[in-house]
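# Overview (structure and organization)
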Amino acid sequence: MIKVRFAPSPTGHLHIGGARTAIFNWLFARHHSGRFVLRIEDTDKTRSTEESIQEIIEAMKWLGLDWDEGPYRQTERFDIYKKEAERLIAEGKAYYCWCTPEELEAIREESKGKFGIPKYDGRCRSRREPREGVNPVIRFKARTEGETVFKDLIKGEIRYPNSQLDDFIIMRSDGTPTYNFVVVVDDALMGITHVIRGDDHLNNTPKQIQLYEALGYDVPQFAHVPMILGPDKTKLSKRHGAVSVLAYREEGYLPEALFNFLVRLGWSHGDKEIFSKEELIELFDLKDVGKSPAVFNPDKLLWLNHHYIKTYPVEKLAELLKEFLVKEGIVDTSAELDPEWLKEVVIAFRERAKTLKEMAHQCEFLFKAPEKYDEKGTKKFFKPETAIYLEAIAEEIENTSEFTKEAIDKIFNNVLERFNIKLKAVAQPVRIAITGRTVSPGLHEILLLVGKEEAAKRIRRAAQYIKNL
RNA sequence: GUCCCCGUCGUCUAGCCCGGUCCAGGACACCGGCCUUUCACGCCGGUAACGGGGGUUCAAAUCCCCCCGGGGACACCA
């Protein structure tokens, strides 16, 4: 039975990079009918927060990443780590270290000169006597000769010289365990078979392998996925803009789009770009994950989002649009919107809105008549004679018994014929009259959505406006 | 500095393992055109890449070596 885990540290938002790691793990588990566990790595008590944990969980749910076990929290497992650390000491594989920060600093400096790398010299390996006023840490007796070789499922064979290692700390002086230690203990005890994580952990792997061996555990398989970079090719971070998953929800992205986008960052299947979750579960394989880092490309995400908007179930889009209308302050919380009408709105706008937020703003004129008309549009399309045409159209609208697409065609044809003009002469003026802008969905759509009364009213008002120019 | 990883269009990538079918394919973006009452959608077309240098070979994006470039890790963070 294959078992994987996603182990975020709750020190902030769930960001894009973490989400992709979670997706890869989830896909791998689902593909192999294995188990996916969520584990919160909160051993750093000072930086971990409860809000962050809740946010990570919410973001995962939004993305549709369900887990089979957990969330475990490492803070609830401290007794386990302590026991394992003591076991290592009893077996002579770890030891107490009473060095002071000042002493350590001096050792590091000396080592930097000697090895070009700050390393602890292991002087407490032989020290037996506690030091007064110093709470000891526990250090692991690392093997520093030879090299650690392992096969990474993505990167291939990795050879790492052990000379880079030193006796690293596994238990802090306050009695809490450190990352490299807990990750090994947990992965082993939880029966994790494949460790799929960001390749910023590649250099930690040799230390962890030594720990697995010292503790007598089986070493799992490793798969290090390349990082996601910002446009400047450095590790993606807050300064590159929105990196938190939930921020994308707020901006009006669909979870399916983000999911699809993220999975294609580093993984591919021939020329295919659009994948459903079912397809991904079917097709996902670590061997198709690339080795090189990927730059986050917001334009492509936008394109994907638009694709999903265009193909999403209309009812669901309508519901989401409603949320955004409220959130963007376009309609009142208490406003009751006819679901059927809202569906028509979605249909009219989905091919020109790349996000839900955009859509909400594009259809704003449906809820409030334009307060002013687009300046350039007014200059270009509001001619003196336009007022007469508009009035004629308004009158025809008022007099029509039923307001349908066909009726609208008839109305326009009547007016065009009467004045012997082309549709061009009135199309943009009507659009501006209804929306205040020069761009919008088709005339039929906006007229129908605004409704007969309101349409006539707005067109008359525009006519009046032209007369006053 | 030391070590690890990576290097195909601006970006995401296919191809690399098993050299020729690749004067390198797809997608986003961009630029044209068509459609059209605007915008958009859609459709058609275009610009654009094997980091450099040496080998090996009849033949290299693909194999080997060196260099260069980029990223990451080197904490009582994870």
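Residues numbered from 1 in each chain as written. Chains lettered and ligands numbered in written order. Predicted model: local features only at pLDDT ≥ 70, side-chain atom pairs only at ≥ 80, totals over all residues. Heavy atoms only, no water.

To continue, consider the domain arrangement of chain A. Many analyses report the size of an interface as the accessible area lost when the parts associate. Partitioning chain A into domains gives domain 1 (80-171), domain 2 (312-366) and domain 3 (375-467). Domain 2 and domain 3 are separated by 24 Å when their C-alpha centres are compared. Listed as interface residues are 11 residues of domain 2 and, on the opposing side, 10 residues of domain 3. Between domain 2 and domain 3, the buried area comes to about 800 Å², and carbon and sulfur atoms account for 66% of it. Seen at the junction of domain 2 and domain 3, the total is 0 salt bridges. Linking domain 2 to domain 3 there are 4 residue pairs in polar contact (both at pLDDT 80 or more). Secondary-structure elements contributing two or more residues to the side of domain 2 that touches domain 3 are helix H12 (339-349) and helix H13 (356-362). (Domains from an automatic or database assignment. Contact = heavy atoms within 4.5 Å. Buried area = accessible area lost by both parts, 1.4 Å probe. Salt bridge = Lys/Arg side-chain N within 4 Å of Asp/Glu carboxyl O. Polar contact = N/O pair within 3.5 Å; in protein donor to acceptor, adjacent residues only side chain to side chain. Helix = DSSP H or I, 4+ residues; strand = E, 2+ residues; numbered from the N terminus.)

Our focus in this paragraph is the side chain of arginine 197. Tracing the backbone through its elements, the reader meets arginine 197 in strand S9 (residues 194-198). As a buried residue without a salt bridge, arginine 197 has its nearest oppositely charged side chain in aspartate 187, at a separation of 5.3 Å. Polar side-chain contacts of arginine 197 include one of 2.6 Å to the side chain of glutamine 208. A polar side-chain atom of arginine 197 sits 3.1 Å from a polar atom in the side chain of histidine 224. Excluding anything up to four places from it in sequence, arginine 197 contacts Arg5, Thr21, Tyr179, Val183, Thr205, Gln208, Phe222, Ala223, His224 and Val225. (Buried < 20%, exposed > 50% of the residue type's maximum accessible area, 1.4 Å probe, protein only. Lys, Arg positive; Asp, Glu negative; His and termini not counted.)

Looking now at the sheet that holds strand S8 (residues 169-171). Taken together, the 3 strands give an open sheet; going across it, the order is S4-S5-S8, and neighbouring strands pair in antiparallel fashion. Where the open sheet ends on each side, the last strands, each with one partner, are strand S4 (94-97) and S8. Each adjacent strand pair in this sheet contributes to an overall mean axis angle of 45°, direction not counted. Here 4 bridges tie S4 to strand S5 (residues 137-140), and the two strands are oriented antiparallel to one another. Following the sheet pairing, tyrosine 96 is matched in S5 by isoleucine 138. (Pairing = 2+ DSSP bridges. Axes fitted to C-alpha atoms, helices over the stretch in contact; angles between N-to-C directions.)

This part takes up the pattern of salt bridges. Opposite charge on two side chains makes pairing possible when the charged atoms of those side chains draw close. For the structure on display, the rule yields 42 salt bridges. In this structure, the salt-bridge partner of arginine 30 is aspartate 66, at a minimum N-O distance of 3.4 Å. Taken as a pair, arginine 30 in helix H1 (residues 16-31) and aspartate 66 in the loop between helix H2 (50-63) and strand S3 (69-73) lie far apart in primary sequence, 36 residues in all. Taking the shortest distance from any N to any O, the salt bridge between arginine 39 and glutamate 41 comes out at 2.9 Å. Using a relative accessible area of 7% as the deciding quantity, one classes glutamate 41 as buried.

Okay, the packing of aromatic side chains next. Applying the stated rule across the entire model yields 17 aromatic pairs. Note on tryptophan 267 and phenylalanine 275: the rings are 5.1 Å apart at their centroids and 65° apart in plane angle, and the pair reads as edge-to-face. One exposure class covers both tryptophan 267 and phenylalanine 275, and it is buried. These aromatic residues form a ring-pair network of at least three members: Phe24, Trp267, Phe275 and Phe284. Across from the ring centre of tyrosine 72, 5.8 Å away, lies the NZ or CZ of arginine 77, which sits over that ring. (Phe/Tyr/Trp six-rings, centres within 6.5 Å; stacked < 30°, edge-to-face > 60°. Lys NZ or Arg CZ within 6 Å of the ring centre and 35° of its normal.)

When you tally the buried positions in helix H8 (residues 255-263), you get 8 out of 9 residues, the bulk of the element. The complete set of buried residues in H8 reads Pro255, Ala257, Leu258, Phe259, Asn260, Phe261, Leu262 and Val263. For H8, the secondary structure elements touched by its buried residues are H1, H2, helix H7 (245-250), helix H9 (277-283) and helix H10 (298-311).

Taken together, 60 residues lie around RNA strand B, and Thr43, Gln164, Arg172, Gly266 and Glu351 are the ones closest in. Considering RNA strand B, the proportion of its atoms within 4 Å of the protein that are sugar or phosphate atoms stands at 71%. Contacts to RNA strand B include lysine 233, whose side-chain N or O atom sits 2.9 Å from a phosphate oxygen. Broken down by secondary-structure element, the contributors of at least two residues to the surface near RNA strand B are strand S7 (156-161), strand S12 (294-295), H10, helix H17 (424-435) and helix H18 (443-450). A per-element tally of the surface near RNA strand B places H10 first, with 5 residues. Classifying every residue of the surface near RNA strand B by side-chain character gives 19 nonpolar, 20 polar and 21 charged. (Near = heavy atom within 4 Å. Nonpolar A, V, L, I, M, F, W, Y, C, P; charged D, E, K, R; others polar.)

This next bit is on the sheet that holds strand S1 (residues 3-6). Taking strand neighbours across the sheet as the criterion, the 3 strands line up as S1-S2-S3 in an open arrangement whose pairing is parallel. The outermost strands of the open sheet, each flanked by one partner alone, are S1 and S3. Along the sheet, successive strands turn relative to each other by an average axial angle of 25°, direction set aside. In the sheet, S1 pairs with strand S2 (residues 35-40) via 4 bridges, with the strands oriented parallel. Residue pairing in the sheet places phenylalanine 6 in a bridge with leucine 38 of S2.

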